[in-house]
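Residue-level listing of the chains:
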Amino acid sequence: MRSVTAAAGAAAVLAGLITAAGPASAASGAAACSPAIELLPSLPGVSGGTVAGFGTGGLVVGESGARPAYWTGAEHTVHAVPLPAGFDRGSVKAVSAKGLMVGTATRDADRASIAFTHQLGAATSEALTTALPEWQDVGVDVNESGRVVAVDNGVAKEWVNGEVVRELPVPAGEIPGTKITSLNGINKRGDVVGTATGSYFDAENDIMVTKTFPVVWPAGGGYPPYSLQVWNGYHYSYSTIGRDIDDRGRVVGLEDYYYRNDPKLTPAVWKKPYDALPADPGRLNGYHDLELSGSSPTTNVAVGTATNFEESWPNYFQAVYWPGKGAPLALPFPAGAPGAVPRTRAFAATDDDRVGGTVSDRETGASSAVIWTCASKQAYAPRS
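Residues numbered from 1 in each chain as written. Predicted model: local features only at pLDDT ≥ 70, side-chain atom pairs only at ≥ 80, totals over all residues. Heavy atoms only, no water.

**Topic: the environment of L183**
- Along the chain, L183 turns up in strand β16 (residues 179-186).
- In this structure L183 touches G139, V140, V149, A150, V151, A156, K157, L168, V192, V193, G194 and W217, once residues within four positions along its chain are discounted. (Helix = DSSP H or I, 4+ residues; strand = E, 2+ residues; numbered from the N terminus. Contact = heavy atoms within 4.5 Å.)

Below, the structure is given as structure tokens:
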């Protein structure tokens, strides 16, 4: 494990100092943590990686060298997660309190993708969904009690102990052809957030109408789902996506716009009772675009990535920490990061103030899984 102590000033933060600090435990809380940046080891024979989620007892999950992996202990010992039979690459996306991991896997032969489960300590992983063709995105998540959500063969489902316990319906009153395309998050209570897309041809106006929007299904199935409001809809150039839901029901995500080589990513936040347009927390100074990807369970923190595009291609990335109010803040680049021009992204946050993501070199693509501990004490507002 390599780690870096964050200094007080912005210049010192960016430089970093190598230390042997380890991650704070959930019991000690953010107040007792040590600010550090930890570059996690890769699986033998491969390089690169991403932290996608955190479990109990220091367990960290993600991918290493395009293989599903997890890390344990203060030194973050890396372990491979077996892929489902017939699949070649993948990533762990989340883990329950009892070590039930969920992830996605892809096979090279036909580029089909599935969601899978793996119980910590088991010799194999189990396919959860039928295969989607041609690199289609598969959303999957598990909460701390082991409830798993994903879309299987076009049907949004929730599993407990490997058995389907409910199917999640399309909200009433949506446009013709609306389907649930992914399930992206489930909180402690069991509220689920996902994405729906509908499309039909409006013959009267001679246009194709398309709407992509987030949906929240309350826990237990006793209440109808909420269609979350979007700034722009009914045109294929806009897709509004809910990426995560915290234990208070707050949803974070983005509006993704792309039309005629003119991309734009706008961060979006929805709060109960889901009766208003999303809030836009703003941009990181010096960056044109921002997307939110994850949130802590109860501390109101959200994390994501600020982006600048070059000729419609995303070429600059900066990991972002948003405390829940005020402007988004940057997380510093680690000393010893791969290459001379680093890029960082953040995907997961904890209540004890850890943030997980990836750091890579813009020129070579070399990367490493990374954890920022005591992230609130490292986050800073860039000058430009």
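More follows now that the structure is in view.
**A closer look at the side chain of T178**
- For T178, the location among the structural elements is in the loop between β15 (163-167) and β16.
- The class of T178 is buried, set by a relative accessible area of 12%.
- In terms of polar contacts, T178 uses its side chain to reach the backbone carbonyl oxygen of I175, at 2.7 Å.
- In contact with T178, other than residues within four places in its own chain, are V170, A196, T197, G198 and F213. (Buried < 20%, exposed > 50% of the residue type's maximum accessible area, 1.4 Å probe, protein only. Polar contact = N/O pair within 3.5 Å; in protein donor to acceptor, adjacent residues only side chain to side chain.)

**Section: the state of the cysteines**
- Evaluated as defined, the whole model comprises one disulfide.
- Between C33 and C374 runs a disulfide, and the two sulfur atoms are separated by 2.0 Å. Judged by the torsion about the S-S bond (75°), the C33/C374 disulfide is right-handed. Here C33, found in the loop between β2 (17-19) and β3 (36-39), pairs with C374, found in the loop between β29 (367-373) and α2 (375-378); they are 341 residues apart in sequence, far enough to count as distant. With respect to burial, C33 and C374 carry one shared label: buried. (Disulfide = S-S within 2.5 Å.)

**Structural notes on unusual backbone geometry**
- With an omega of 10°, the peptide bond running from K272 to P273 counts as cis.
- Relative to the helices and strands, P273 resides in the loop between β22 (263-270) and β23 (289-295).
- The phi torsion at H76 lies on the positive side, around 55°, for a residue other than glycine.
- Position of H76 relative to the elements: it lies in the loop between β6 (67-72) and β7 (77-80).
- Residues other than glycine seldom take positive phi values, yet Y274 does so here, at roughly 60°.
- By the element assignment, Y274 lies in the loop between β22 and β23.
- What makes Y274 buried here is its relative accessible area of 7%.

**Here we look at the packing of aromatic side chains**
- By the definition in use, this model includes three aromatic pairs.
- Relative to Y274, the ring of Y226 has its centre 5.0 Å away and its plane inclined at 65°; by these criteria the two rings are edge-to-face. Of this pair, Y226 sits in strand β19 (residues 226-227) while Y274 sits in the loop between β22 and β23, and the two are 48 residues apart along the sequence.
- A cation over a ring is seen here: K211 above F213, with NZ or CZ 4.6 Å from the ring centre. (Phe/Tyr/Trp six-rings, centres within 6.5 Å; stacked < 30°, edge-to-face > 60°. Lys NZ or Arg CZ within 6 Å of the ring centre and 35° of its normal.)

**Details of the sheet that holds β22**
- Read from one edge of the open sheet, three strands run β20-β21-β22, paired in antiparallel fashion. Single-partner strands in this sheet number two, and they are β20 (238-245) and β22. Looking at each pair of strands side by side, their axes are set apart by 20° on average, direction ignored.
- Two elements, strand β21 (residues 251-258) and β22, share eight bridges in a ladder whose sense is antiparallel. Counted as the bridge partner of V252 is V269 from β22. (Pairing = 2+ DSSP bridges. Axes fitted to C-alpha atoms, helices over the stretch in contact; angles between N-to-C directions.)

**Some remarks on the pattern of salt bridges**
- On inspection of all chains with the given rule, the structure shows 12 salt bridges.
- Between R243 and E291 there is a salt bridge; the shortest N-O distance is 3.0 Å. With R243 in strand β20 and E291 in strand β23, this pair connects stretches of sequence that are 48 residues apart.
- Among the salt bridges present, the one from D280 reaches R283, with a minimum N-O distance of 2.8 Å.
- D280 sits in the partly exposed class, given a relative accessible area of 37%. (Salt bridge = Lys/Arg side-chain N within 4 Å of Asp/Glu carboxyl O.)

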